[in-house]
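# Results of the structural survey
If you want the building blocks of each chain, they are given just below.
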Amino acid sequence: MLELIQLSKAYRQPDGYSTPILSNLNFQLGAGQSAALLGASGSGKSTLLHLIAGLDKPDAGHILIQQQSLTDLTESQLAQLRRTTISLIFQQFYLISTLSVADNIRFQAQLAKRYNAQWEAELIERLDLTSQLQKYPHQLSGGQQQRVAIARALLHKPALVLADEPTGNLDEHSSEQVMALLSELVKQAGSSLLMVTHSKVMAGYLDQQYWLKSGVLHSKESA
Amino acid sequence: MSMLLLSLKALLSHYWRYPWQALFLLVGLCAGVGLWSAVQVINSHARASYEQANQVLGTQAHFWIRAANGTGVSTQDYTALRRLGFREVYPVVQGIITTATNQRIPLIATDPIVLPAEVLQTNTSTVAFNDLAFIQPPYQAWFPPDLANELNLTANTRVLLKNGQTLPPAILQTQAQQGRQVLLDIAPALKALQRSTLSYLAVTPLSSERQTQLEQALPPHLRLIPNRQSLDLTQLTQSLHTQLTAMSLLSFAVGLFIVFNAVRFSLWYRRPTLRTLRLIGVSVQTLMLAIGLETVIWSIVGSSLGLLIGYGLSQILLPAMSASLQSLYGANIGSHIILQPTTVLLAWLLTLGGLIIALALPLWQQLRLPVLPSHSLSTYWLTDQRTRRYLLLAAIGLSILALVLYPLISTLIQGFILLGIVLLAGAWALPSLLALSLTLLERLLPKHSFQGRWLIRDGWAQLPALRTAMMALLLALTANLGVEALVGSFRTALSDWLEQRLSSDLYVQGSSSFDLATLRANPSTATWLKAVNERTQVTLRYQDQPLVLRGLDHSAPDTQELGITQALPQTINLWRNLDTQQNWVLANEQLHFLGSKQIGEKLELQTPQGLKPFTIAAFVHDYGNPYYQLYIPNRVLKTYWPQPEPWNISLWLNNPSDLPKAEQALLNAGAKAGDWTVQQTIKAASMKIFERTFAMTAAINSLTLWVAGIALLAALMAILQERLPEFAQWRALGVNTREQWLVMSVPLLLWASITWLVALPLGALLSWLLIHKLNVMAFGWSMPLLWSMRPAGVLALMTLGVIAITLVVVAWQLKRQLPQTLARLGGQL
Ligand SMILES: Nc1ncnc2c1ncn2[C@@H]1O[C@H](COP(=O)(O)OP(=O)(O)OP(=O)(O)O)[C@@H](O)[C@H]1O
Ligand SMILES: [Mg+2]
């Protein structure tokens, strides 16, 4: 499903030196599998997620999603890929402020023409958003907003869900609630999940755990 | 103090990060101040020139001595008067010379040695008359700079004339002192004109005792005539300057809208800074003071730059302005510009005032907000609905006010205030119309169209940011359409009028020694002469204004076709058929609009036999004439004024090919070469002058539109900056470029079209007010309003062009900045 081969990325510093963030990183994630990505702040977790989502370009190496290499894709093909195959969930939710909760949930599915009313009803119910549908994002609590973002990410049943600290802005109780729902619904949608987190508790909800350190991934056992 | 400096530094550092905003703020300020000050500089410069022009030879004479039969005054008569001790009298020769290259130049000449002391004192040009070279062979011909330019003259060249004569060596002057005329000594002037008589003698102010003495001393064939045509130029041209000032204020208003926009955005972006400053203990007062200081800094920078631009602009516009004044009033302004301290001060005060207006509302909104909660764009557009409603209510209020004021308007200034009210009402109603258009678009889109819904919702979010720019665009479009219609109507009216006025083939000047009776006596004349109109004139004063009585041949073709604006069928026929029951006259509209006369009303005029009544039969169009004028059949005129001044004679030919025959016949009847003109050349020249007249208006007009285009660009750039992270999020959600552009540009195009649509009726209203209210009030003459869709179409294309440029710039910015923003997604933005 997802395969990273000899992936490298470095950022050029203002003083002219370039700092390697990822160096020759290799990784595989099977269909329907979930993995947590742990690591110190600044170790490059978000960078890695951006590369996989095609939001940024690697310096070297390959990213294969469903055997398709991202380096071969044009900007519009990447957009197509992001609307059909990949979903992103961020710490800041990123809901569209001008659209109602209902429209936010449908946003990607509508663009991808993969709207499924039955699955939507189920998501709304499971995520407890039934009474929020007519509201606007700014009228919701943080936890509610993140649940809307999850519904949006899953409605079109993408092959791969990428989440960057989805519970980073939430308190402990809602974090666990959201996390439980996320891991469960991802399974139900049949998607793979790669999630960045600082919390070992959150990481525990997923099948595998990896550490990003010195530009490469270490499975939890070896760390 | 240090708190204040710290706050000021924090506030100003914002512009370092967003140079675009600083740029747009500056552009708004410069555009407003620049256009305004350009007009201001030109206006004050023109006024200064009038004072000089008023001192031009002859125009300041209080009396003229002219020959009763309209021919010139002989030099013998002149020297006889001087010998009798009349030192107040000085000779003037005026005429038109034609160069070998067929250019017609007005000529004026006097004898500098005999100029009375008061003329020497007031006349700036006479300072150098002490130079003997002027009065000794080979003499000198003094050319004002613009005339020299026109003729492409270099110093000391001798202009060759069509009649074979040459002018004395040219002396180029640095200032326009005698108007657009060549100044000569009497002797070379008479030679150039091939004349032996003086045009008239000018007389300085006389005591009534001295006046009687002079009158008694005059031989019977000479007459002392008070100079009733010396009109104060300042007074005459006031309307034109008021109109220009109003236009410049309009561009200032457009500039103000831009500034308002820029300031609003700059404060909006700086709300985190403002919040942080307040959180670290800076008081609201200190913040206000800091923002006040920032305002002062901007006003100084903006007005200085704006003045520089305005100065440059006035340099470019001045030639057009000179043409305007020359053709409308015969007024001359030099080409030397001075920037007056009052203009500088006024520019700065206006800028400061404008900035304070632009700042006050947003600042008040900003500081009223509680310190902590962060407001997002989403709540911002919800409050916008309320603002829109207030604006609409204000617009309705203004419209009612305009309706109430309309019948009460009586002065030009009030008229401009009315125009301002109408324009402002239009601008304030616009946001509601834009909102309405979005609602309608929403209805039109299929209910289930998700992208449509997204587009509409996003449009609502863009509206508050774009509406000010759209208001600026509306003002600019309206002004353009209004003035365009004014100029277009004027052009058609003038050319129709010229068509009728200049319908004859030949036109012989009144000063010519040509004798119509001799011409008629020749039997061969009948073979080519179709019709004649011999015009004469008598100048009087009426209601303390100059009044010209024009004697005409009532049966001449052009007289029969005079452009009547108002008439009773019976009375016009009575006039045409020389009814003798009453003294019927035709009056120009000026007498109706400015002199408040009606058809059928009687005018008591001073004739040599005392006060006599004349009845107005009809009103006629008389474009651009600053004087009252009456048209009266020569036969009637001569019963009261037996020897009117000859004005000119128009001749119609049976066949254009008879022209050489006619010219020969004119020479035989006493005319000299250069005394007559072929009408078609006059008509072309008049149209050319007219086109130049409005060049200035056109220049300011199109500048205003570009300024509004910049406002639009500024608003879009600001929106882009604000929304860049949002666009990045869309991209992360799989939105492609096409969808993003659709969402961004459809509302923009929709609103631009709505703005254009609103500008059409508003522009028509504006031009209607300009033509039927302001023009009539200012100049006393009317014309039919011609509305053409062509300028509207051109403006639509221009607006589209501006939007296209804007979108290209925005696209380029997006391409540059989006990847970076995308990479930062999820991080602290
Ligand atoms: N656009 C950029 N230009 C230069 N350096 C960057 C850029 N984006 C990230 N970095 C650097 O790359 C490194 C990795 O950043 P990244 O955001 O991937 O870390 P992270 O693991 O997600 O950290 P955190 O847990 O704090 O979110 C950091 O040192 C960061 O400073
Ligand atoms: Mg991160």
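Residues numbered from 1 in each chain as written. Chains lettered and ligands numbered in written order. Predicted model: local features only at pLDDT ≥ 70, side-chain atom pairs only at ≥ 80, totals over all residues. Heavy atoms only, no water.

Time to look at the overall build of chain A. Secondary structure assignment for chain A yields seven helices and 10 strands. Dimensions of chain A, computed from the C-alpha atoms along their principal axes, are close to 50 × 40 × 35 Å. Sorting the 223 residues of chain A into buried and exposed places 57% on the buried side. Of all intrachain contacts in chain A linking residues separated by at least 6 positions in sequence, the fraction that spans at least 24 positions is 72%. Carbon and sulfur atoms make up 47% of the accessible area of chain A, which amounts to about 9300 Å² in all. (Helix = DSSP H or I, 4+ residues; strand = E, 2+ residues; numbered from the N terminus. Buried < 20%, exposed > 50% of the residue type's maximum accessible area, 1.4 Å probe, protein only. Contact = heavy atoms within 4.5 Å. Areas by Shrake-Rupley, 256 points an atom, 1.4 Å probe, with all protein chains shown as cover.)

In terms of regular secondary structure, chain B is built from 25 helices and 18 strands. Within chain B, the proportion of its 829 residues that are buried is 55%. Put simply, 82% of the contacts in chain B that link residues at least 6 apart link residues at least 24 apart. Here chain B displays about 35200 Å² of accessible surface, and carbon together with sulfur accounts for 62% of that area.

Describing two packed helices takes the angle between their axes plus the distance from one axis to the other. Residue and element names in this part refer to chain A. Following both chains from N to C, one finds helix H5 (residues 142-155) and helix H6 (residues 172-189) inclined at 10 degrees, their axes separated by 11 Å at the closest point. Considered as vectors, H5 and H6 are oriented roughly parallel to each other. The residues of H6 that touch H5, namely those facing Gly-143, Gln-146, Arg-147, Ile-150 and Leu-154, are Gln-177, Val-178, Leu-181, Leu-182, Leu-185 and Val-186. Per-class residue counts for the contact of H5 with H6 are seven nonpolar, three polar and one charged. (Axes fitted to C-alpha atoms, helices over the stretch in contact; angles between N-to-C directions. Parallel < 35°, antiparallel > 145°, perpendicular 65-115°, else oblique. Nonpolar A, V, L, I, M, F, W, Y, C, P; charged D, E, K, R; others polar.)

Bringing the interface of chain B and chain A into the picture now. Between chain B and chain A, the residue contacts involve 28 residues of the former and 25 residues of the latter. Counting each side, the surface lost to burial between chain B and chain A is near 2500 Å², with a carbon and sulfur contribution of 58%. On inspection of chain B and its partner chain A, the count reaches three salt bridges. A salt bridge links Asp-103 of chain A to Arg-453 of chain B, with the nearest nitrogen and oxygen atoms 2.7 Å apart. One can count seven residue pairs in polar contact (both at pLDDT 80 or more) joining chain B with chain A. Per-element accounting of the side of chain B that touches chain A gives the leading share, seven residues, to helix H14 (residues 450-501) of chain B. For the side of chain B that touches chain A, the residue count by class is 13 nonpolar, nine polar and six charged. (Buried area = accessible area lost by both parts, 1.4 Å probe. Salt bridge = Lys/Arg side-chain N within 4 Å of Asp/Glu carboxyl O. Polar contact = N/O pair within 3.5 Å; in protein donor to acceptor, adjacent residues only side chain to side chain.)

All names here are of chain A. If you walk across this open sheet you meet the four strands as S2-S1-S4-S5, and the pairing is antiparallel. Unpaired on one side and paired on the other, strand S2 (18-29) and strand S5 (68-69) mark the two borders of the sheet. Strand direction decides the pairing type here: strand S1 (residues 2-12) and strand S4 (residues 60-65), joined by five bridges, are antiparallel. By the bridge assignment for S4, Leu-2 is matched with Ile-65. Most of the contacts of helix H1 (residues 45-52) go to S1, to which it runs at about 120 degrees, and overall it touches S1, S2 and S4. (Pairing = 2+ DSSP bridges.)

Attention shifts here to the site of ligand 1. Residues and elements named next belong to chain A. As a matter of local geometry, ligand 1 sits amid Tyr-11, Ile-21, Ala-40, Ser-41, Gly-42, Ser-43, Gly-44, Lys-45, Ser-46, Thr-47, Glu-165 and His-198. Between ligand 1 and Lys-45, the relevant distance is 2.8 Å, taken from an oxygen atom to a side-chain nitrogen or oxygen of the residue. Interatomic distance of 2.7 Å between a side-chain N/O atom of Ser-46 and an oxygen atom of ligand 1. About the coverage of ligand 1: the protein hides 62% of its 640 Å² of free accessible area. A per-element tally of the shell around ligand 1 places H1 first, with three residues. (Near = heavy atom within 4 Å.)

Residues Leu-2, Phe-27 and Ile-65 of chain A are the most contacted members of the largest nonpolar core, which totals 136 residues. Considering each element in turn, this core owes the most residues, 21 residues, to H14 of chain B. Residues in contact with Leu-2 of chain A, not counting those within four places in the same chain, are Phe-27, Gln-28, Leu-29, Ile-52, Ile-63, Leu-64, Ile-65, Leu-160 and Leu-194 of chain A. Phe-63, Leu-81, Leu-115 and Leu-201 of chain B belong to the second-largest nonpolar core, a separate cluster that totals 49 residues. (Core = buried A, V, L, I, M, F, W, Y, C linked by side-chain atoms within 4.5 Å.)

The next point concerns helix H9 (residues 271-279) of chain B. Each α-helix winds once per 3.6 residues, and so residues spaced three or four apart point in a common direction. Residue and element names in this part refer to chain B. Within H9 the residues assigned to the buried category are Arg-271, Leu-274 and Leu-277. Across the axial projection of H9, the buried residues extend over an arc of 125 degrees, all falling on one side. With its phi angle positive at about 100 degrees, Gly-281 sits one or two positions after the end of H9. (Arc of directions from axis to C-beta.)

Together, Tyr-390, Leu-392, Leu-393, Ile-396, Ile-400, Val-404 and Leu-408 of chain B line one region of the surface with nonpolar side chains, adding up to about 700 Å² of accessible area. For Leu-408 of chain B, a relative accessible area of 58% translates into the label exposed. (Patch = residues over 30% accessible without salt bridge, like charges linked within 9 Å, V, L, I, M, F, W, Y side chains within 5 Å.)

On to the packing of aromatic side chains, then. Per the counting criterion, the structure on display carries 11 aromatic pairs over all chains. Geometrically, the ring pair formed by Phe-27 of chain A and Tyr-210 of chain A is edge-to-face, given 5.0 Å between the ring centres and 90 degrees between the ring planes. One end of the pair, Phe-27 of chain A, is in strand S2; the other, Tyr-210 of chain A, is in strand S9 (residues 208-213), and 183 residues separate them in sequence. Taken together, a centroid distance of 4.9 Å and an interplanar angle of 70 degrees make the contact between Trp-454 of chain B and Trp-730 of chain B edge-to-face. (Phe/Tyr/Trp six-rings, centres within 6.5 Å; stacked < 30°, edge-to-face > 60°.)

With that out of the way, let us pick up unusual backbone geometry. All names here are of chain A. For Gln-67, which is not glycine, the phi dihedral falls at a positive 65 degrees. Note on placement: Gln-67 falls in the loop between S4 and S5. The exposure class of Gln-67 is exposed, given its relative accessible area of 70%. Even without a glycine there, the phi angle at Tyr-94 is positive, about 55 degrees. Tracing the backbone shows Tyr-94 in the loop between strand S6 (86-90) and helix H3 (101-111).

Turning our eyes to something else, we now look at the sheet that holds S9 of chain A. All names here are of chain A. Taken together, the six strands give an open sheet; going across it, the order is S6-S7-S8-S3-S9-S10, and neighbouring strands pair in mixed fashion. Looking at which strands have only one partner, the edges of the open sheet turn out to be S6 and strand S10 (216-219). When strand polarity is set aside, the average angle formed by the axes of neighbouring strands in this sheet is 20 degrees. Taken together, the four bridges between S9 and S10 define a ladder with antiparallel strand orientation. Within S10, the residue paired with Lys-213 across the bridge is Val-216.

With the rule as written, the count across this model stands at 14 salt bridges over all chains. A salt bridge links Glu-75 of chain A to Arg-82 of chain A, with the shortest nitrogen-to-oxygen separation between them at 3.6 Å. The exposure class assigned to Glu-75 of chain A is partly exposed, which follows from its relative accessible area of 38%. A salt bridge links Asp-207 of chain A to Lys-187 of chain A; the shortest N-O distance between them is 3.3 Å. Of this pair, Asp-207 of chain A sits in the loop between helix H7 (200-203) and S9 while Lys-187 of chain A is found in helix H6, placing the two residues 20 residues apart along the sequence. On the accessibility criterion, Lys-187 of chain A (45% relative accessible area) is partly exposed. Shared partners join several salt bridges into a network, and the residues in it are Glu-75 and Arg-82 of chain A together with Arg-731 of chain B.

All names here are of chain A. Of all five residues in strand S8 (residues 192-196), five are buried, a share of seventy percent or more. The alternating pattern of S8 places Ser-192, Leu-194 and Val-196 on one face and Leu-193 and Met-195 on the opposite face, and all of these are buried. Of the strand pairs in this sheet, strand S3 (residues 34-39) and S8 are connected by four bridges, and their pairing is parallel. When the sheet's bridge partners are listed, Ala-35 is paired in S8 with Leu-194. Note: strand S7 (residues 160-164) against S8, five bridges, orientation parallel. Within S8, the position partnered with Val-161 by the bridge is Leu-193. A crossover connection joins S7 to the parallel S8 through H6; in handedness this β-α-β unit is right-handed. (Right-handed = clockwise from strand over helix to strand, strands pointing away.)

Once that is clear, we can look at the packing of helix H4 (residues 117-126) of chain A against H5 of chain A. All names here are of chain A. One can describe the packing of H4 onto H5 by two numbers: an axis separation of 10 Å at closest approach and a directional angle of 155 degrees. For the element pair H4 / H5, the angle class is roughly antiparallel. As H4 runs across H5, the sense of the crossing is right-handed. Residues Trp-119, Glu-120 and Leu-123 of H4 lie in contact with H5, whose contacting residues are Ala-151, Leu-154 and Leu-155. Class assignment for the residues of the contact of H4 with H5 results in five nonpolar, no polar and one charged. (Left-handed = near helix turned anticlockwise from the far one by under 90°.)

Our next topic: the pairing of strand S6 (residues 182-185) of chain B. Residues and elements named next belong to chain B. Burial along S6 is two-sided: the residues Val-182 and Leu-184 and Leu-183 and Asp-185 are all buried. In terms of strand pairing, strand S3 (residues 104-110) meets S6 through four bridges, oriented parallel. Among the inter-strand pairings, Ile-108 is bridged to a residue of S6, identified as Leu-183.

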